Amino acid sequence: MRRETLALILVCVVSAGVGYGSYRLWQARAATEAAAMRPDLEFRDLAGQAHRLSEWDGKLLLLNFWATWCPPCLKEIPLLVETQQQHGARGLQIVGIAMDEAEPVRRFAERLHINYPIMIGQAEIARAMDELGDQLGAFPFSVLIAPDGRIVDRISGDLSREEIKALMDQYLPPEGTHNGSGNSR
Amino acid sequence: MKFAKKLWIPACAGMTAMLALGAFAADTPFGKKPPDFLPVDQAFELQPLVWKADGTLEVSWRITKEYYLYRDRLKFTAVAPATIGKPVLPASLPYEDEHFGTTQVYRDKLVVQLPFAKDARGEVKVTVVYQGCADAGLCYPPQTRALEATR
């Protein structure tokens with residue numbers, strides 16, 4: 001009798017676990033599927049020229065939303081500069097999108113030796129973050145878009161060197177298999 | 001048969017553990033959960049405006065652990081025709097940053113006294129601007145909120 005009761009409890013626990021595990025897996029898959037394609041948003045660079053996200057189709061696109069008053073954003077940028085330098089040839093394109101005025105952005109871009117395109121704006125940047133799935137309205141916020149336009153990750157908060165490396169290892173083709181250019185501005 | 005009976009319980013337990021682990025790992029490509037950052041109004045809980053008996057207006061925040069508000073990004077404006085005196089701020093804590101040097105911040109709670117007319121009656125409206133960050137590496141843009149009190 002005692003054994004049977006124990007077995008019954010175990011069956012219940014196992015069923016609950018399987019149910020919960022399946023639910024989490026389903027939830028994660030559903031979220032990935034729901035993320036689907038990136039909207040073809042338009043941004044303006046420091047010279048006022050318009051760019052659409054589709055301009056970078058075929059590359060692994062890392063959009064990094066930042067602001068000059070945001071210390072974790074400024075801490076993260078040197079890592080992104082290094083990442084663009086290292087992985088540009090493997091098909092990575094980072095684009096920095098600053099919610100700020102042109103002058104401070106220009107100053108920080110020079111000071112931090114930013115080697116990737118920079119877009120700027122105000123309310124339209126907040127709307128773009130929202131359209132790309134941001135839920136906090138805070139900085140930094142990064143969105144990783146696969147070469148085919150699928151949003152594959154969204155990250156709130158600054159990325160560490162290890163996290164960037166893990167993303168590059170996961171989403172970039174092995175070295176020497178991509179005909180891309182290094183840096184672009 | 002007896003052997004199979006003995007095996008089914010650990011097998012089920014193992015399968016459950018693997019499913020649960022897989023589900024957690026599926027959260028991010030690194031298999032690591034990012035910090036769960038709070039929405040700004042939960043990180044910095046702005047309390048209702050208090051109009052004290054001595055005429056002072058009191059604005060306060062409950063600040064979540066590991067989040068902070070910048071002292072020099074606080075702004076208080078009374079909606080006309082009301083006017084307020086110079087805000088009385090409590091002692092702040094130094095915060096080191098490689099780009100901005102030493103700045104002053106508040107943690108845990110912040111209570112600001114705004115000198116106001118002692119004998120005034122009716123309704124007063126105050127606009128508050130504040131900005132803060134999380135230690136884990138996230139900053140919220142400046143927030144503007146309108147508060148009001150009556151007596």
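For the structure itself, consult the block above.
What you see is a predicted model, and the numbers here were worked out from it, not measured in a lab.

Here is what the cut-offs are and how they apply
Residues numbered from 1 in each chain as written. Chains lettered and ligands numbered in written order. Predicted model: local features only at pLDDT ≥ 70, side-chain atom pairs only at ≥ 80, totals over all residues. Helix = DSSP H or I, 4+ residues; strand = E, 2+ residues; numbered from the N terminus. Buried ≥ 20, exposed ≤ 12 C-beta atoms within 10 Å, placed from the backbone. Contact = placed C-beta atoms within 7 Å. Pairing = 2+ DSSP bridges. Axes fitted to C-alpha atoms, helices over the stretch in contact; angles between N-to-C directions. Arc of directions from axis to C-beta. Parallel < 35°, antiparallel > 145°, perpendicular 65-115°, else oblique. Left-handed = near helix turned anticlockwise from the far one by under 90°. Nonpolar A, V, L, I, M, F, W, Y, C, P; charged D, E, K, R; others polar. Core = buried A, V, L, I, M, F, W, Y, C linked by C-beta atoms within 7 Å.

A.B. asks: Report on the overall build of chain A, specifying residues and quantitative values.
C.D. replies: When helices and strands are counted, chain A shows five helices and seven strands. Each helix and strand of chain A, ordered N terminal to C terminal, gives the series α-β-β-β-α-β-α-β-α-β-β-α. In chain A, which comprises 185 residues, the share counted as buried stands at 35%. Contacts in chain A between residues at least 24 apart in sequence constitute 69% of all its contacts with a sequence separation of at least 6.

A.B. asks: Report on the sheet that holds strand β12 (residues 143–150) of chain B, specifying residues and quantitative values.
C.D. replies: Residue and element names in this part refer to chain B. Ordered in space as β5-β9-β12, the three strands form an open sheet in which the pairing is antiparallel. The open sheet is flanked by β5 (75–78) and β12, the only strands paired with a single partner. Across the sheet, the mean angle from the axis of one strand to that of its neighbour is 20°, orientation sign disregarded. Pairing between β5 and strand β9 (residues 123–130): four bridges, direction antiparallel. Within the sheet, the bridge partner assigned to K75 lies in β9 and is V129.

A.B. asks: Lay out the environment of P94 of chain B in plain terms, naming residues and giving numbers.
C.D. replies: Note that P94 of chain B resides in strand β6 (residues 93–97). Excluding residues that lie within four positions of it along the chain, P94 of chain B makes contacts with T102 and Q104 of chain B.

A.B. asks: Tell me about helix α4 (residues 123–131) of chain A, and please be specific about residues and values.
C.D. replies: All names here are of chain A. Within the sequence span of α4, burial applies to I125, A128 and M129. For α4, the buried positions fall inside an angular range of 100° around the axis, keeping them on one side. Facing away from the buried side of α4 by over 90 degrees, the exposed positions are A123, R127, D130 and E131. Backbone geometry just after α4 places G133 at a positive phi near 100°.

A.B. asks: Before we move on, could you go through the sheet that holds strand β7 (residues 101–106) of chain B and cite the residues and values that matter?
C.D. replies: Residues and elements named next belong to chain B. Taken in spatial order, the five strands line up as β6-β7-β4-β10-β11 in an open sheet, and their pairing is antiparallel. Every other strand in the sheet has two partners, leaving β6 and β11 (138–139) as the edge strands with one partner each. Pairing of strand β10 (residues 132–134) with β11 involves two bridges; the strand directions are antiparallel. When the bridges of β11 are listed, C133 appears paired with C139.

A.B. asks: Which residues make up the environment of H99 of chain B, and what are the values?
C.D. replies: Relative to the helices and strands, H99 of chain B resides in the loop between β6 and β7. The partly exposed category is assigned to H99 of chain B, around which 14 C-beta atoms lie within 10 Å. Contact partners of H99 of chain B, with chain neighbours within four places excluded, come to P71 and L74 of chain A.

A.B. asks: If you had to explain the packing of helix α2 (residues 71–87) of chain A against helix α5 (residues 161–171) of chain A to someone new, which residues and values would you point to?
C.D. replies: All names here are of chain A. Packing of α2 against α5 brings their axes to within 11 Å, and their N-to-C directions diverge by 30°. Taken together, the axis directions place α2 and α5 in an arrangement best described as roughly parallel. Our pair here, α2 against α5, has a crossing hand that is right-handed. Two secondary-structure elements touch here, α2 through L79, T83 and H87 and α5 through R161, I164 and M168. Class assignment of the residues belonging to the contact of α2 with α5 gives a composition of three nonpolar, two polar and one charged.

A.B. asks: Go over the pairing of β6 of chain B with me, naming the residues and quoting the values.
C.D. replies: Residue and element names in this part refer to chain B. Burial runs low along β6: only zero of the five residues are buried. Summarising the sheet, β6 and β7 pair through five bridges and their orientation is antiparallel. Paired with L93 across the two strands is V105, which belongs to β7. In this structure, the hairpin formed by β6 and β7 is closed by a connection of three residues.

A.B. asks: Account for unusual backbone geometry, naming residues and giving values.
C.D. replies: A cis geometry characterises the amide bond from F139 of chain A onward to P140 of chain A, with omega recorded as -10°. Checked against the element boundaries, P140 of chain A lands in the loop between α4 and β6 (141–145). Here the amide bond leading from A80 of chain B into P81 of chain B is cis, since omega sits at 10°, within 30 degrees of zero. Summarising the element assignment, P81 of chain B is placed in the loop between β5 and β6. For H113 of chain A, which is not a glycine, the phi torsion comes out positive at approximately 55°. Along the chain, the position of H113 of chain A falls in the loop between α3 (102–111) and β5 (118–121).

A.B. asks: Break down α5 of chain A for me, with residues and values.
C.D. replies: All names here are of chain A. Taken residue by residue, α5 has I164, L167 and Y171 as its buried positions. Buried residues of α5 fall within an arc of 60° about the axis and therefore sit on the same side. Residues of α5 that are exposed and angled more than 90 degrees away from the buried face: R161, E162 and D169. Next to the buried residues of α5 lie β3 (60–66), α2, β6 and β7 (151–156).

A.B. asks: Would you mind going over the nonpolar core in detail, with residue names and values included?
C.D. replies: The biggest cluster of nonpolar side chains holds 72 residues, and the ones touching the most others in it are F65 and F139 of chain A together with L69 of chain B. Here F139 of chain A is in contact with F65, W66, A67, C70 and C73 of chain A together with C139 of chain B, once residues within four sequence places are set aside.

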